[in-house]
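# Per-entry structural report
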Protein chains: 2
Amino acid sequence: MEFSLTTLGTSSASPNPLRHTSCHVVTAREHHFLIDCGEGCQMQLQRASIPFSWIDNIFISHLHGDHLFGIFGLLSTMSMQGRTAPLYIYAPEGFAAILDFFMKQFADGVLFEIVFTPLGMKGKEVILDLRTVEVSAFPLNHRVPTFGFLFREKEPQRNVHKWRVEADDLTLAEIGALKNGQDVMRENGDVLEVGKYTYIPWQPRSLAYCCDTAPFDGLAGWIEGVDLLYHDATYADDKAEMAVKYYHSTGRMAAETALAARAGRLVLGHFSARYRNLDQLLEEARSVFPDTAVANDGQKYEIPLVKLSR
Amino acid sequence: MEFSLTTLGTSSASPNPLRHTSCHVVTAREHHFLIDCGEGCQMQLQRASIPFSWIDNIFISHLHGDHLFGIFGLLSTMSMQGRTAPLYIYAPEGFAAILDFFMKQFADGVLFEIVFTPLGMKGKEVILDLRTVEVSAFPLNHRVPTFGFLFREKEPQRNVHKWRVEADDLTLAEIGALKNGQDVMRENGDVLEVGKYTYIPWQPRSLAYCCDTAPFDGLAGWIEGVDLLYHDATYADDKAEMAVKYYHSTGRMAAETALAARAGRLVLGHFSARYRNLDQLLEEARSVFPDTAVANDGQKYEIPLVKLSR
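Residues numbered from 1 in each chain as written. Chains lettered and ligands numbered in written order. Predicted model: local features only at pLDDT ≥ 70, side-chain atom pairs only at ≥ 80, totals over all residues. Heavy atoms only, no water.

Along the backbone of chain A there are 10 helices and 18 strands. In terms of its C-alpha atoms, chain A occupies a principal-axis envelope of roughly 70 × 55 × 35 Å. Relative to its 310 residues, chain A shows a buried fraction of 57%. Sequence-distant contacts in chain A: of pairs separated by 6 or more residues, those separated by 24 or more amount to 64%. Of the roughly 13,100 Å² of accessible surface on chain A, a fraction of 50% belongs to carbon and sulfur atoms. (Helix = DSSP H or I, 4+ residues; strand = E, 2+ residues; numbered from the N terminus. Buried < 20%, exposed > 50% of the residue type's maximum accessible area, 1.4 Å probe, protein only. Contact = heavy atoms within 4.5 Å. Areas by Shrake-Rupley, 256 points an atom, 1.4 Å probe, with all protein chains shown as cover.)

Bringing the packing of helix α9 (residues 251-260) of chain B against helix α10 (residues 279-286) of chain B into the picture now. Packed helix pairs are specified by the crossing angle of their axes together with the interaxial distance, meaning the distance between the axes. Residues and elements named next belong to chain B. Relative to each other, α9 and α10 sit at 30°, their axes nearing to 7 Å. Between α9 and α10, the crossing angle belongs to the class labelled roughly parallel. Crossing angle aside, the handedness with which α9 passes α10 is right-handed. Contact residues: α9 offers G251, R252 and A255, while α10 offers L281, E284 and A285. (Axes fitted to C-alpha atoms, helices over the stretch in contact; angles between N-to-C directions. Parallel < 35°, antiparallel > 145°, perpendicular 65-115°, else oblique. Left-handed = near helix turned anticlockwise from the far one by under 90°.)

Once that is clear, we can look at the pattern of salt bridges. One pass over the full model with this rule turns up 24 salt bridges over all chains. For D168 of chain B, the salt bridge identified is with R164 of chain B, shortest N-O distance 3.8 Å. (Salt bridge = Lys/Arg side-chain N within 4 Å of Asp/Glu carboxyl O.)

The next point concerns the relation of the copies chain B and chain A. Mapping between the two copies of the chain is achieved by a rotation about an axis and a shift along the axis. Of the two same-sequence chains, chain B is brought onto chain A (RMSD 0.1 Å, axial shift 0.1 Å) by a rotation of 180°. What the superposition gives is, in effect, a two-fold axis relating one chain to the other. Proximity to the rotation axis, assessed at the C-alpha, singles out G40 of chain B in chain B; its C-alpha lies 2.6 Å from the axis. Comparing interface residues between copies, 100% of those in chain B also sit at the interface in chain A, which points to an isologous, same-surface contact. (Least-squares fit on C-alpha atoms with pLDDT ≥ 70 in both.)

The next point concerns helix α10 (residues 279-286) of chain A. Residue and element names in this part refer to chain A. Looking only at α10, the buried set comprises L281, L282, E284 and A285. Within α10, the buried residues cover an arc of 160° as seen down the axis, which keeps them to one side. Turned more than 90 degrees from where α10 packs its buried face, D279 and E283 sit exposed. If you follow the buried residues of α10, they end up packed against α9 (251-260), β16 (265-269) and β17 (292-294). (Arc of directions from axis to C-beta.)

Of the residues lining the interface, 30 residues belong to chain B; the matching set on chain A comes to 30 residues. Carbon and sulfur atoms supply 64% of the area that chain B and chain A bury against each other, a total of about 2,400 Å² over both sides. Joining chain B to chain A, the criterion identifies zero salt bridges. Considering each element in turn, the side of chain B that touches chain A owes the most residues, six residues, to helix α3 (residues 95-106) of chain B. In the side of chain B that touches chain A, the residues fall into 15 nonpolar, 13 polar and two charged. (Buried area = accessible area lost by both parts, 1.4 Å probe. Nonpolar A, V, L, I, M, F, W, Y, C, P; charged D, E, K, R; others polar.)

Here we take up the pairing of strand β1 (residues 3-9) of chain B. The side chains of a regular strand alternate, first on one face of the sheet and then on the other. Residue and element names in this part refer to chain B. Counting buried positions along β1 gives seven out of seven residues, so the element sits mostly inside the fold. Bridge count between β1 and strand β2 (residues 23-28): six bridges; the pairing is antiparallel. Note that in β2 the partner of F3 across the bridge is A28. Of the pairings in the sheet, the one linking β1 to strand β18 (residues 299-302) comprises four bridges and is antiparallel in character. In the strand pairing of β18, T7 is matched with Q299. (Pairing = 2+ DSSP bridges.)

The next subject is the packing of helix α2 (residues 71-80) of chain B against α3 of chain B. Residue and element names in this part refer to chain B. For the pair α2 and α3, interaxial distance at closest approach is 11 Å and the crossing angle is 50°. Considering the angle they form, α2 stands oblique to α3. The handedness of the crossing between α2 and α3 comes out as right-handed. When α2 is examined against α3, the residues I71, F72, L75 and S76 are found in contact with a partner set consisting of F95, I98, L99, F101 and F102. In terms of residue class, the contact of α2 with α3 is made up of eight nonpolar, one polar and no charged.

On to the nonpolar core. Of all hydrophobic cores here, the largest spans 67 residues; its most connected members are L34, L45 and F72 of chain A together with L34, L45 and F72 of chain B. Beyond its immediate stretch of four places on either side in the chain, L45 of chain A contacts L8, V25, L34, I50, F52, I55 and L74 of chain A. (Core = buried A, V, L, I, M, F, W, Y, C linked by side-chain atoms within 4.5 Å.)

This part covers unusual backbone geometry. Here the amide bond leading from C211 of chain A into D212 of chain A is cis, since omega sits at 5°, within 30 degrees of zero. With respect to the helices and strands, the residue D212 of chain A is situated in the loop between β14 (206-210) and α7 (219-222). Positive phi outside glycine occurs at D169 of chain A, with the angle close to 50°. A positive phi angle, close to 60°, is found at A13 of chain B, a residue other than glycine. Along the chain, A13 of chain B falls in the loop between β1 and β2. Accessibility expressed as a relative area gives 31% for A13 of chain B, which makes it partly exposed.

Next up on the list: the sheet that holds strand β6 (residues 114-119) of chain B. All names here are of chain B. A sheet is described by the order of its strands in space; here seven strands give the open sequence β6-β5-β4-β3-β2-β1-β18, paired in mixed fashion. With one partner strand each, in any of the chains shown, β6 and β18 form the two edges of the open sheet. Adjacent strand axes in the sheet meet at a mean angle of 20° when their direction is disregarded. Where strand β3 (residues 31-37) and strand β4 (residues 55-59) come together, four bridges link them in parallel fashion. Residue pairing across strands places I35 opposite F59, the latter belonging to β4. Of the strands in this sheet, β5 (87-92) and β6 touch α3, which is tilted by about 160° from β6.

The next point concerns α9 of chain B. All names here are of chain B. For α9, the complete set of buried residues consists of G251, M253, A254, A255, T257 and A258. Where α9 is buried, its residues contact α7 (219-222), β15 (228-232), α8 (240-245), β16 (265-269) and α10. Positive phi appears at R262, one or two residues downstream of α9, with a value of about 50°.

For the rest of this paragraph, the subject is the environment of L140 of chain A. Residue and element names in this part refer to chain A. Relative to the assigned elements, L140 resides in the loop between β8 (133-139) and β9 (147-153). Here the alpha-carbon distance between L140 and I35, two residues 105 residues apart in the chain, equals 15 Å. Residues in contact with L140, not counting those within four places in the same chain, are T146, F147, G148, C210, C211, D212, T213, F216 and L219.

On to the environment of H270 of chain A, then. All names here are of chain A. Position of H270 among the secondary structure elements: in the loop between β16 and α10. On a C-alpha basis, the gap between H270 and F52 in space is 23 Å, while along the polypeptide they are 218 residues apart. Reaching out from H270, the side chain makes a polar contact with the side chain of H67 at a distance of 3.3 Å. (Polar contact = N/O pair within 3.5 Å; in protein donor to acceptor, adjacent residues only side chain to side chain.)

What follows is the structure, given as structure tokens:
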């Protein structure tokens, strides 16, 4: 029942010995989604004890090398491991040429299907609809076409209040219908209303990935109320003009988006390699949005299950 | 005056958390040569405190991904660091298409020249002739065109025996000519012979890289007398049939080549990820060639300067 973000690569542009380039895993219930695939992704997944076979969906935010140079090695190793399950990759349209290069040069022996879905939306769109989780993508504000991703747990099956079962002597059929969200009309004309007889056992969880991006109107609306927001924070305030120039964000800008989106929690990443110490960047963000953390390689951020009262 | 091999990636095919894919640096006097460029190469160079600007020559043994997937990130970071010095890459002919892909997709802003020299020789050939070091390449025995490299320190300038300077009252011009290896004829007809008046101050050093390869006749001859041999040892004896099948070597096969080549020392690498413990593989190699070591990521093997007697 886990819902979490594991940050495996938190450096921007180039790696340093402590921070790899962009690579993240969202664990959403039974699914493990890989977001971006920077160099070293294979080692980082291994260090986080995430077998490659768990990954069926890869989301590439944009086509800068620091977000994708690790995919060649990952695909090669998946092939050597004898993978046969299809692999779904979602990326900006230009990824077709990159995949084509890999398939021509290095895919000798790849026995699994790679299903590529090009991203080019202008607004927020659902791109993956699974039983327990829904993934949406939306455009960000970067130098090249770039997309953010929103992972939203679907509403769990409703539970019937136990005291109602006894008080109204509910049948199994009635319980089944109520759990599926259907009102029940009894032969005597009594109506058992879903709203009164059932409750959602826990609050569905959500997580958004917004990297690389400069702030822009509309982003907060797309991720409104998200439990955990992972956001570009390439620079501290001292380099705000570089954030603007290169279409990135400062920690403070990320915090302003988190505040506007009424996010539950903010995790900052994609730090410029110039910062060995991120205290200043973090402090600036926290002055706007207190529940902020700086991501480190290998760290996991869980969104706890909030059980709703019966 | 260093002459050394630093092994930065010692795993074959796929990395594991302790071993990266193939990546090595040969430091030969004032030069730092990068041999193979597996994923994670950037981090490994940083961990070894080797600035990217020190590297002017990259040698790619063959075009399997585990020997080159790190080059895209390395070239990108060199570009971001503002490199302007030309970079020389030596690789099998097919590398042209890989470089072309990089230049088309990711080289926006690359301001330095990349000079590619295709390798296709059938015997041993000098491919790089510098003031202090000479690099040769020769074909290996692998599934795809693969090349080994021999780094040979040039003979240092000769020294004149001090006692001769005094005994024969040598002039500066005579000393200069003798140091350059020229016999000197004096006006009185006396001949000052180089062999009698001078000596080589130290034994020129050499290092060979032979990976990936199965054993074959002729290899030992090309690397005859090498001080340090780095050799493919993908398998232990228990998987000798896989070594044959996939054109790799066992530790023992590598040791047999070292013995036949009368190498000074053998360093084994490119280990199959199946081996967590390499004791058996090492023991099998040492039973043939005692001065054998197994390479680890980040380890440096220096060839000491052996001063010759005056």
